[in-house]
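# Secondary and tertiary structure notes
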Amino acid sequence: PIIDSTVHQKKKESSEASQPASTRHRRRLSPSMAAPAPEECLDVLTAAGDKTGVSKPRSEVHRDGDYHRAVHVWIYCESTGELLLQHRADCKDSWPGQWDISSAGHISAGDSSLSSARRELQEELGIKLPVDAFELIFVFLQECVINNGTYTNNEYNDVYLVTTLTPIPLEAFTLQESEVSAVRYMHRDEYKSCLAAESGEYVPYDVNGQYGQLFSIIEERYKDNTESRSLTLQKQISRYAPIHLEPELTTLSEGDKEALGYILKASMVIDEIFYEQVWNSNTMLRDWLRAHADSSSLDSLKWAYYSINKSPWSCLDENKAFLSTADSAVKLLTDATKPISGWKGLEYRAAFPLDKPRGANFYPADMNKMEFDLWKSGLTDKEQKDATGFFTVIKRPDALLTTSVVESDGPNQTNTSDDLFIVPYSKEYKASLEKATELLIKASDCSDCPSLKNLLRTKANAFLSNDYYESDIAWMELDSNIDVTIGPYETYEDGLFSYKATFEAFVGVRDDVATSQVKLFGDQLEDLEKNLPLDNIYKSDNVSAAPIRVMNLLYNSGDVKGPQTIAFNLPNDERIVNERGTSMVMLKNISEAKFKNILKPIANACIREEQKEYVDFEPYYTHIVCHECCHGIGPHSITLPGGKKSTVRMELQECHSALEEAKADIVGLWALNFLINKGLLPKSLSKSMYVSFLAGCFRSIRFGLEEAHGEGTGIAV
């Protein structure tokens, strides 16, 4: 079936030749209005696809062969296996009267890719879709010369896929007559064959080259491979060893036991925030998978492995997606097109990218580092500090606008400006943080431990004020049988800059005996700093003893996906690190479980027979302690060559997390040797610590090079 265009409008799109005055992206002028709209300008790119900072009129870009960006949007119907094609108007200067992409267009200067894709679909076909309908599947570089050499098209095309359950009724489309003369659905295999045969009815694309990804991606996700997928998921799940946490609660007072209940409830709220931080539609996907977990054995496995990773990307496989948009939630839009009698609306799959977003949900999905840096350069010093701070997200104004979505909280955004702006966590996660605040205040009221009461109240205040300084000091001073770490701390999820902190919670019972045994390491921190094998200019003059607390974990939430942590050193706020140093928490029962269930089997497989006797819990655990201690020493605040004050984290950006883990590994070994030579540790550790460390490297490298600890191990060894 084919529908002809009925709406008379005027616009431009990516693959046509230049016209004198482009009116794309702007309201159309009526015939009585004499002045045409100014010609659309495009950002000029380097041949590698990076912005040059220069923009030029569209006609000049194609005249001069400048590299630039555009979007391709394909609508795919999964129930019929069909792609929607548009028939280019006969008046087009390039490929007139041929069948082409569902929708396409240039990305105007200053515009974003995603907002351009949404706008083009609405302008050409009259379809309004929210951002979660668009899946960026690949980037296609098209380099060609047409129209007898007068039009050069060096174009980076962001190729998006919109997946609907059923075909959109053809009468629902509102076509732009100057661009589109008709639309039709065509099975993907038939269309691919026509392109391969170089049929003159279709705009040419090389299906054996880059553009063949469109068909291979769709084919892979819809082939019948239930048994194969089930086996793969079973193997992935089997890499994890389940354990039961049963810490002793007899040391807690009645008041603290009552407080513990509220703390655990607050920690569950923290989990909700983290799901939201990972990716913009993560909570919706989670709820969909959980609701359908009993539908089949495969659906049960999907939910089980998703629960471990807290996202559709596998932590132990360098964040490779183990689900696809075909597994995702179904959403219904009632007003995506003009109303059609008897049609309930457009049902689509909420899309997610095959590649884990490097900026998680801290930045717009289509923002890159260059755009951020250009925007930041125009901010005041205070605004720059907020933009790069731990506790803010970066958004576009169109993220504030919504539409009516059935069974959905997803936004349908209309672009007004592509300027970025800053939102504090206290506003971004306001509803959840208010709930957590209420629970922490109740817990504080119940507890009879002064330092715990202070921590809970200051943390509750921080959730609302977005100022975590006082609460982090209170955390360092905690002296309680209940050990609580709750709030935004680690920056591993921010793969763009390592600026933004994720929420997490660790709740356990302090082990007083084990805490006293590791006090030595914290007390020696200042001496270790002084004797670091580096120039004195890089050493800190104000390192203080690091308090070390050992606890048995009862519950954790938030950023605790995939392999579980066995220790952490906080806070990461350089102000506190410079003033007070850091504090460390060891999770003893998790360390013991990892050694028994993970490290020993790995050592049996990887370590030479005559050295296996040296793989022991004591050197393994002792190096973990030193590793965490060594996060607190070495350069943190630095002075750049021009005299500007900065931090190592700010300058290394996305490289910081992995390099920091590598530093802690190697300096941790050095520290063990230093303490052995001082007679503070037994000489028997001098050999066993290296063998146990090597076995630990085989364990950590399994995390993959996309994870900070795995990459850090790769650097260290």
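The chain has the name Nudix hydrolase domain-containing protein in an unreviewed UniProt entry, where Aegilops tauschii subsp. strangulata is given as its organism.

### So, the overall build of the chain
Of regular secondary structure, the chain possesses 24 helices and 23 strands. On C-alpha atoms alone, the chain measures out to a radius of gyration of 29 Å, which is about the 27 Å that the 2.2 N^0.38 rule sets for 717 residues. Along the first, second and third principal axes, the C-alpha set of the chain runs to 85 × 60 × 55 Å. The 717 residues of the chain split such that 57% are buried. Looking at the chain alone, contacts between residues at least 24 apart form 72% of all its contacts between residues at least 6 apart. Total accessible area on the chain is roughly 30100 Å²; 51% of this is exposed by carbon and sulfur atoms. Taking the 75 positively charged and 106 negatively charged side chains of the chain as two groups, their mean positions are separated by 2 Å.

### Notes on the environment of Thr-458
Of note, Thr-458 is situated in helix H13 (residues 450-465). Taking the relative accessible area as the measure of exposure, Thr-458 reaches 7% and is therefore buried. It is 65 Å that separates the C-alpha atoms of Thr-458 and Lys-92, two residues lying 366 residues apart in sequence. When neighbours within four sequence positions are excluded, Thr-458 is seen to be in contact with Glu-470, Ser-471 and Ala-474. A polar contact is formed between the side chain of Thr-458 and the backbone oxygen of Asn-454, at a distance of 2.8 Å.

### Regarding a nonpolar patch on the surface
A grouping of Leu-652, Leu-659 and Ile-715 is seen on the molecular surface, where their side chains present a nonpolar patch of about 220 Å² in accessible area. Of note, Leu-652 is situated in helix H21 (residues 648-652). By relative accessible area, Leu-652 is classed as partly exposed at 31%.

### Some words on the UniProt feature "domain: Nudix hydrolase" (unreviewed entry) in the chain
The positions UniProt marks with the feature "domain: Nudix hydrolase" (unreviewed entry) are residues 66-210. With 15% helix and 40% strand, the stretch residues 66-210 has end C-alpha atoms that lie 21 Å from each other.

### Overview of unusual backbone geometry
Looking along the chain, the bond that leaves Leu-570 and enters Pro-571 is cis, with omega of -5°. Its location among the elements puts Pro-571 in the loop between strand E20 (567-570) and helix H18 (574-580). Of note in the backbone geometry, Asn-148 takes a positive phi value of approximately 55° without being a glycine. Residue placement: Asn-148 occurs in the loop between strand E8 (135-146) and strand E9 (151-164). Positive phi is not limited to glycine here, since Ala-360 has a value of about 50°. Relative to the helices and strands, Ala-360 is located in the loop between strand E14 (346-349) and helix H9 (369-376). When its relative accessible area of 8% is taken as the criterion, Ala-360 is described as buried.

### Observations concerning the nonpolar core
Ranked by internal contacts, the top residues of the largest apolar core, which has 103 residues, are Tyr-363, Phe-372, Phe-463, Phe-503, Phe-521, Met-586 and Val-625. For this core, the leading source of residues is helix H6 (residues 254-278), giving eight residues.

### Structural notes on the sheet that holds strand E21 (residues 583-587)
One open sheet accounts for five strands, arranged E17-E18-E19-E21-E20; its pairing is mixed. Across the chains shown, the open sheet's two edge strands, defined by having one partner strand only, are strand E17 (482-488) and E20. Taking each pair of neighbouring strands and ignoring which way they run, the sheet shows an average axis angle of 35°. In this structure, strand E19 (residues 548-558) lies alongside E21, joined through four bridges in parallel fashion. What sits directly across from Ile-548, in E21, is Met-584.

### Topic: the side chain of Glu-574
Within the fold, Glu-574 resides in helix H18. Take Glu-574: its relative accessible area is 12%, and that puts it in the buried class. With near-sequence residues (within four places) excluded, Glu-574 lies in contact with Phe-390, Ser-637, Thr-647 and Arg-649.

### Considerations on the pattern of salt bridges
If you walk through the whole model with that rule in mind, you get 45 salt bridges. Among the ionic pairs, Arg-229 bridges to Asp-327, the shortest N-O distance being 3.0 Å. Here Arg-229 is found in helix H5 (residues 226-238), whereas its partner Asp-327 is found in the loop between strand E12 (320-321) and strand E13 (330-333), with 98 residues between them in sequence. Its relative accessible area of 8% is what places Asp-327 among the buried residues. Here Asp-573 ties to Arg-575 by a salt bridge, and the two come within 2.7 Å at their closest N and O atoms. Accessibility expressed as a relative area gives 40% for Arg-575, which makes it partly exposed. Overlapping salt bridges, with partners in common, bring together Lys-56, Arg-63, Asp-64 and Asp-66 in one network.

### Some thoughts on the confidence of the model for the chain
When pLDDT is averaged across the chain, the result is 88; 92% of the residues are at 70 or more. For the stretch residues 1-34, pLDDT sits under 50, and the model shows 133 contacts to residues farther than four places along the chain or on other chains. Low pLDDT, under 50, characterises residues 401-417; the stretch is placed with 41 contacts to residues that sit more than four places away or in other chains.

### Things to note about the pairing of strand E18 (residues 503-510)
Counting buried positions along E18 gives eight out of eight residues, so the element sits mostly inside the fold. Judged from the seven bridges that link them, E17 and E18 form a sheet pairing that is antiparallel. Across the sheet, residue Asp-483 finds its bridge partner in E18, namely Gly-508. For E18 and E19, the ladder comprises seven bridges, and the chain directions are antiparallel. Paired with Phe-506 across the bridge in E19 is Asn-556.

### A closer look at the environment of Lys-128
When you line up the elements, Lys-128 lands in the loop between helix H2 (113-125) and E8. Judged by its relative accessible area of 34%, Lys-128 falls in the partly exposed class. Residues Lys-128 and Val-560, spaced 432 residues apart in sequence, show a C-alpha to C-alpha distance of 37 Å.

### Overview of the side chain of Lys-459
Within the secondary structure, Lys-459 sits in helix H13. Those residues in contact with Lys-459 that lie beyond four places of it in its chain are Leu-440, Tyr-468, Ser-471, Asp-472, Ile-486 and Tyr-489.

### Some remarks on helix H24 (residues 708-716)
The α-helix winds at 3.6 residues per turn, so residues separated by three or four positions along the chain end up facing the same way. Within H24, the full set of buried residues consists of Ala-708, Gly-710, Gly-712 and Thr-713. In this fold, the buried residues of H24 make contact with helix H22 (656-677) and helix H23 (685-701).

### So, the packing of aromatic side chains
In the structure shown here, the tally under the stated rule is 36 aromatic pairs. Ring centres 4.6 Å apart and planes at 25° place the aromatic pair Tyr-205 and Tyr-211 in the stacked group. Note on Tyr-205: relative accessible area 6%, which makes it buried. Assessed through its relative accessible area of 1%, Tyr-211 is described here as buried. Ring centres 4.8 Å apart and planes at 5° place the aromatic pair Phe-497 and Tyr-499 in the stacked group. Across the pair, exposure class does not vary: Phe-497 and Tyr-499 are buried alike.

How each quantity is defined
- Residues numbered from 1 in each chain as written.
- Predicted model: local features only at pLDDT ≥ 70, side-chain atom pairs only at ≥ 80, totals over all residues.
- Heavy atoms only, no water.
- Helix = DSSP H or I, 4+ residues; strand = E, 2+ residues; numbered from the N terminus.
- Rg over C-alpha atoms; globule rule 2.2 N^0.38 Å.
- Buried < 20%, exposed > 50% of the residue type's maximum accessible area, 1.4 Å probe, protein only.
- Contact = heavy atoms within 4.5 Å.
- Areas by Shrake-Rupley, 256 points an atom, 1.4 Å probe, with all protein chains shown as cover.
- Lys, Arg positive; Asp, Glu negative; His and termini not counted.
- Charge placed at Lys NZ, Arg CZ, Asp CG, Glu CD.
- Polar contact = N/O pair within 3.5 Å; in protein donor to acceptor, adjacent residues only side chain to side chain.
- Patch = residues over 30% accessible without salt bridge, like charges linked within 9 Å, V, L, I, M, F, W, Y side chains within 5 Å.
- Salt bridge = Lys/Arg side-chain N within 4 Å of Asp/Glu carboxyl O.
- UniProt positions renumbered as here; feature names shortened; annotations may be inferred.
- Core = buried A, V, L, I, M, F, W, Y, C linked by side-chain atoms within 4.5 Å.
- Pairing = 2+ DSSP bridges.
- Axes fitted to C-alpha atoms, helices over the stretch in contact; angles between N-to-C directions.
- pLDDT = per-residue confidence, 0-100.
- Phe/Tyr/Trp six-rings, centres within 6.5 Å; stacked < 30°, edge-to-face > 60°.

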